[in-house]
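Architecture and fold: a report
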Amino acid sequence: MPSPQLLVLFGSQTGTAQDVSERLGREARRRRLGCRVQALDSYPVVNLINEPLVIFVCATTGQGDPPDNMKNFWRFIFRKNLPSTALCQMDFAILGLGDSSYAKFNFVAKKLHRRLLQLGGSALLPVCLGDDQHELGPDAAVDPWLRDLWDRVLGLYPPPPGLTEIPPGVPLPSKFTLLFLQEAPSTGSEGQRVAHPGSQEPPSESKPFLAPMISNQRVTGPSHFQDVRLIEFDISGSSISFAAGDVVLIQPSNSAAHVQQFCQVLGLDPDQLFTLQPREPDVSSPTRLPQPCSMRHLVSHYLDIASVPRRSFFELLACLSLHELEREKLLEFSSAQGQEELFEYCNRPHRTILEVLCDFPHTAAAIPPDYLLDLIPAIRPRAFSIASSLLTHPSRLQILVAVVQFQTRLKEPRRGLCSSWLASLDPGQGPVRVPLWVRPGSLAFPETPDTPVIMVGPGTGVAPFRAAIQERVAQGQTGNFLFFGCRWRDQDFYWEAEWQELEKRDCLTLVPAFSREQPPALFSALQEQKVYVQHRLRELGSLVWELLDRQGAYFYLAGNAKSMPADVSEALMSIFQEEGGLCSPDAAAYLARLQRTRRFQTETWA
């Protein structure tokens, strides 16, 4: 009986699920199994009925949500009209990736497992529950689960006689061959594939719009610990349209200094041109790379050299290393036994791929260019809530960006790639263009003019609510209630003057919470805790209950996903009990009903 094609489908938000899926693909090829690896939303889901063997690798995001690149699949697989025998020919296994500090730990993987069983699928193994909170990360659960998986798969589908497993130290063939050009082509010029002004086709990841940056203004006080920017783009002629709650995706680049350092360490000529040739017929070249492409363009715009490398990076680097001492250390980092040491070396201090390559100079200098795209992941676009409305700012798009910078035990501060890159751009020094495109967000606002909205947005979480308030005010909707939280009134109170003007016009009720300012003397003896948005909600519990229960208000929450959403939900439960007279189970049911009917919506990020 010939071995079937193994299909690995992933839903990934930050790249971890994709990395694990590609690891599965490599391990399958070492075991002589045919394997395809695809994002869930790029796979034609109706073909699942013909697949004999499928591994699903699913992250859980936010408050138990599926990642963006599996949302279409998620809607399809939970259709009520799918027959209970739809997947009766399919063996499957599910590997989940989550964070046990969240209430809905690995919710997506668990729910999908139940659903596939309902549709007749046969589970090879229990769900793997990878946990970011484990001291060794998800690999603590993934490693033993994969050993069991291959035992099951090879027991069902043994490899053909005479074909042995490819040993771990032998590198698999690279996905691509880089064919270097001896001279520059006479026609055409290198550049990004972009959506041109006037194009009828909306911009996308494969064809972003190069938006001129109009302004880049710091909106936090000079003494505030964090640099937060209000950035405005001109989207005239782009065919970009958006509504409140939508999201803009921005494709960042590496700094020129890092690109130069990378090329030096690897002995690459930044101006060398090449074309990219896939080795396998079912592999296509990345659409974001021009053909031909220069090494400078590849490193600047595609290779994520500023990211923290994953274990798979060390596995491949060890295979490629010709230096005995460096290879020994790389093998240790890529082994199951070496994960604690790898975590201390790499993950805890947030050491980057570029820094690791500098630590292993002999290995770095000998990396075959063909393996660059196997070794280093692609730069992922970053999503930002749109902070403006086209009704107020026609042909403009604004975002609020917190510049990520923090210190670890390494000498150099750690910097967020996209936020630092955006902060470095100065349109006052000359034209600046940023590749971007727009997609629908997770927040949708009511269209009925008399429906009130309660918005809770601490910090930069207020961004989508500024867009919503601008849009609603322009349409004559006045029932806008904003609970905004920050540290200091004079340091990080974003858009204070704008909110005050809207309050004067009776278009907005603003309830601020300043967590670092002393409460009034009357309360200081009673209140030692800092004041956050959840405290202000409780103070105005009767108003919140009146709006939700009697006026049919919608409730929105945006911001950091760590503890704030749970704290706000707890405050709401308390309001339902104290103001609505509900017992605890009824209050929980009331909250669940708001969520189910989309009258309680969240947009949170880690």
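Residues numbered from 1 in each chain as written. Predicted model: local features only at pLDDT ≥ 70, side-chain atom pairs only at ≥ 80, totals over all residues. Heavy atoms only, no water.

From N to C terminus, the chain includes 20 helices and 22 strands. Relative to the globule expectation of 25 Å for 606 residues, the C-alpha radius of gyration of the chain, 26 Å, shows essentially globular dimensions. Counting only C-alpha atoms and orienting by the principal axes, one finds that the chain spans roughly 80 × 60 × 50 Å. Expressed as a percentage of contacts within the chain between residues at least 6 apart in sequence, the contacts between residues at least 24 apart total 76%. With an accessible surface of roughly 28100 Å², the chain has 52% of that area assigned to carbon and sulfur atoms. Counting 57 positive and 65 negative side-chain charges, the chain places the averaged centre of each group 3 Å from the other. (Helix = DSSP H or I, 4+ residues; strand = E, 2+ residues; numbered from the N terminus. Rg over C-alpha atoms; globule rule 2.2 N^0.38 Å. Contact = heavy atoms within 4.5 Å. Areas by Shrake-Rupley, 256 points an atom, 1.4 Å probe, with all protein chains shown as cover. Lys, Arg positive; Asp, Glu negative; His and termini not counted. Charge placed at Lys NZ, Arg CZ, Asp CG, Glu CD.)

Quick look at the sheet that holds strand β22 (residues 600-605) now. With parallel pairing, five strands are arranged side by side in an open sheet as β20-β19-β18-β21-β22. The open sheet terminates on both sides in strands that have one partner only, identified here as β20 (509-514) and β22. The sheet shows a mean angle of 10 degrees between the axes of neighbouring strands, taken without regard to direction. As paired elements, strand β19 (residues 480-486) and β20 share six bridges and run parallel to each other. Counterpart to Phe483 in the pairing with β20 is Val511. (Pairing = 2+ DSSP bridges. Axes fitted to C-alpha atoms, helices over the stretch in contact; angles between N-to-C directions.)

Before going further, it helps to spend a moment on the nonpolar core. Formed by 41 residues in total, the largest nonpolar core has its most connected members in Phe262, Leu298, Leu357 and Leu372. Apart from residues no more than four positions distant in its own chain, Leu298 is found in contact with Phe274, Leu289, Cys293, Leu303, Leu372 and Leu373. Listed in part, the 30 residues of the second largest apolar core include Val462, Ala463, Leu482 and Tyr556. (Core = buried A, V, L, I, M, F, W, Y, C linked by side-chain atoms within 4.5 Å. Buried < 20%, exposed > 50% of the residue type's maximum accessible area, 1.4 Å probe, protein only.)

We now examine the UniProt feature "binding site: NADP(+)" (unreviewed entry) in the chain. Under the UniProt annotation, "binding site: NADP(+)" (unreviewed entry) lies at Thr460, Ser515, Arg516, Lys530, Val531, Tyr532, Val533, Gln534 and Asp567. Following the sequence through the fold, Tyr532 ends up in the loop between α16 (521-524) and α17 (533-539). Apart from the residues within four sequence positions on either side, Tyr532 is in contact with Ala513, Ser515 and Arg516. Turning to its location among the elements, Asp567 is positioned in helix α19 (residues 564-578). (UniProt positions renumbered as here; feature names shortened; annotations may be inferred.)

Moving on, we come to the packing of aromatic side chains. Within the structure shown, the criterion is met by 17 aromatic pairs. An angle of 75 degrees between the planes, with centres 6.4 Å apart, marks the rings of Phe180 and Phe274 as edge-to-face. Here Phe180, found in strand β7 (residues 176-180), pairs with Phe274, found in strand β11 (residues 273-278); they are 94 residues apart in sequence, far enough to count as distant. Judged by relative accessible area, Phe274 falls into the buried class, the value being 1%. Residues Phe313 and Phe314 carry aromatic rings whose centres are separated by 5.4 Å and whose planes lie at 85 degrees to one another, so their mutual orientation is edge-to-face. What makes Phe314 buried here is its relative accessible area of 0%. Three or more aromatic residues joined by ring pairs form one cluster here, namely Phe313, Phe314, Phe333 and Tyr345. Residue placement shows Lys104 over the ring face of Phe107; its charged tip is 4.9 Å from the ring centre. Across from the ring centre of Phe78, 4.9 Å away, lies the NZ or CZ of Lys111, which sits over that ring. (Phe/Tyr/Trp six-rings, centres within 6.5 Å; stacked < 30°, edge-to-face > 60°. Lys NZ or Arg CZ within 6 Å of the ring centre and 35° of its normal.)

Let us look at the environment of Arg409. For Arg409, the location among the structural elements is in the loop between β15 (405-406) and β16 (414-415). Residue classification places Arg409 among the exposed residues on the basis of a relative accessible area of 56%. C-alpha of Arg409 to C-alpha of Arg351: the two residues are 58 residues apart in sequence and 9.9 Å apart in space. In contact with Arg409, other than residues within four places in its own chain, are Glu344, Tyr345, Pro349 and Arg351. At 2.3 Å, the side chain of Arg409 and the backbone oxygen of Glu344 are in polar contact. (Polar contact = N/O pair within 3.5 Å; in protein donor to acceptor, adjacent residues only side chain to side chain.)

Moving on: the domain arrangement of the chain. Annotation of the chain at the domain level lists domain 1 (6-156), domain 2 (209-250 + 381-439), domain 3 (255-375) and domain 4 (453-518 + 528-604). If you average the C-alpha positions of domain 1 and of domain 2, the two centres end up 34 Å apart. (Domains from an automatic or database assignment.)

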